[in-house]
Each structure stands twice: as structure tokens, then as C-alpha cells.
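Listed below are the residues making up each chain.
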Amino acid sequence: MEIFRRFARGTAEVVGTPYAFVAAIALIIGWLLSGPLFDFSDTWQLIINTTTTIITFLMVFVIQNAQNRDARGIHIKLDELIRATTGAENSVIDLARLSDKQLLALEHHYERIGEMKDHEVNEELEDIAAEKKHRPAKQRRKD
């Protein structure tokens, strides 16, 4: 498995470069230019179809592996930030292990918290507006 991890990481790094894109364009141009040589036959078309299908099929696994590793790393970093932050809710560490039902319940919980915060902010803004309205005119100009 370590061999695949290193292969996947290296491949993802290489194919994610502008050079790999240029190489892919060059391959397609080469294939197009070879069309007259093969009389634009079914075999000529089959070559590009088969080549691109195989490359795409293999790249799915390579890219998914790289994305899974990146996501795991990001989650670990976020978990550490939550753990190290005073007042943070430690129960949200490692949410990926929860069921869909548990995640949905947590999502609703945080939506309610957000709604409460919105309500508090709105009340605070109303208080500020009311306070400004009742200040003497000279003091209001300074704001």
C-alpha cells in the first residue's frame, strides 16, 4: 500500500502541472495529424478512445487517493484547532465517523445556534439605532 500511496501522490503532482496539460494537448494534436496516415479509420478512432479511457479510469483512483489523503490531513488539522481553542465544542472533533442521521442532527443544532446569533445581532443593531436616535443632535453628527 505504501508503494501505491507514493505512486498516487507523485502521479497527482505530475499530472497536475501545466506541462502535463501541454503533453495531453500534444498527444491529441499528434493523433489528429496521424488521421490521414490511417485514413481516419475506425482503428484510428479506437486508438484515441481506448487510450483516453484507460488513462481516465486509472486517474480516477490516483486522484481519489490524493484527495482522500488531503481531506484526512485537513480534518486532523481542524480537529487540533478545535481541541486547542478554549471554549470550542470538542464534540465536533472527528465528525466523519458519525452517521448521516447524527450529522443531520448536528447540522440542525448549529443552524439553531446561528439563528439565535442572528437574532442577537439584530437586537443589538436595533439597540444601537435607538440609542443614536435619542442622542442630542450635536453628538449624532460625530458618528
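Criteria and thresholds
- Residues numbered from 1 in each chain as written.
- Predicted model: local features only at pLDDT ≥ 70, side-chain atom pairs only at ≥ 80, totals over all residues.
- Heavy atoms only, no water.
- Phe/Tyr/Trp six-rings, centres within 6.5 Å; stacked < 30°, edge-to-face > 60°.
- Buried < 20%, exposed > 50% of the residue type's maximum accessible area, 1.4 Å probe, protein only.
- Helix = DSSP H or I, 4+ residues; strand = E, 2+ residues; numbered from the N terminus.
- Expected span 1.5 Å × (residues − 1).
- Contact = heavy atoms within 4.5 Å.

Q: So what's going on with the packing of aromatic side chains? Residues and values would help.
A: Under the counting rule described, the total for this entry stands at three aromatic pairs. Each ring, one from Phe40 and one from Trp44, has its centre 5.1 Å from the other, and the planes form 85°; the classification is edge-to-face. Given the relative accessible area of 6%, Trp44 is considered buried. Ring geometry for Phe57 against Phe61: centres 5.2 Å apart, planes inclined by 80°, an arrangement best described as edge-to-face. With a gap of four residues between them, Phe57 and Phe61 both fall in helix α3 (residues 42-84), about one helical turn apart. Here Phe61 falls in the partly exposed class, since its relative accessible area comes to 46%.

Q: I'd love a proper account of α3, names of residues and values included.
A: Counted at 1.5 Å a residue, the expected span for α3 with its 43 residues is 63 Å, and the 62 Å between its end C-alpha atoms agrees. Every buried residue of α3 is accounted for by Trp44, Ile48, Met59, Val62, Asn65, Ala66 and Asp79. In this structure, the buried residues of α3 make contact with α1 (2-15) and α2 (18-33).

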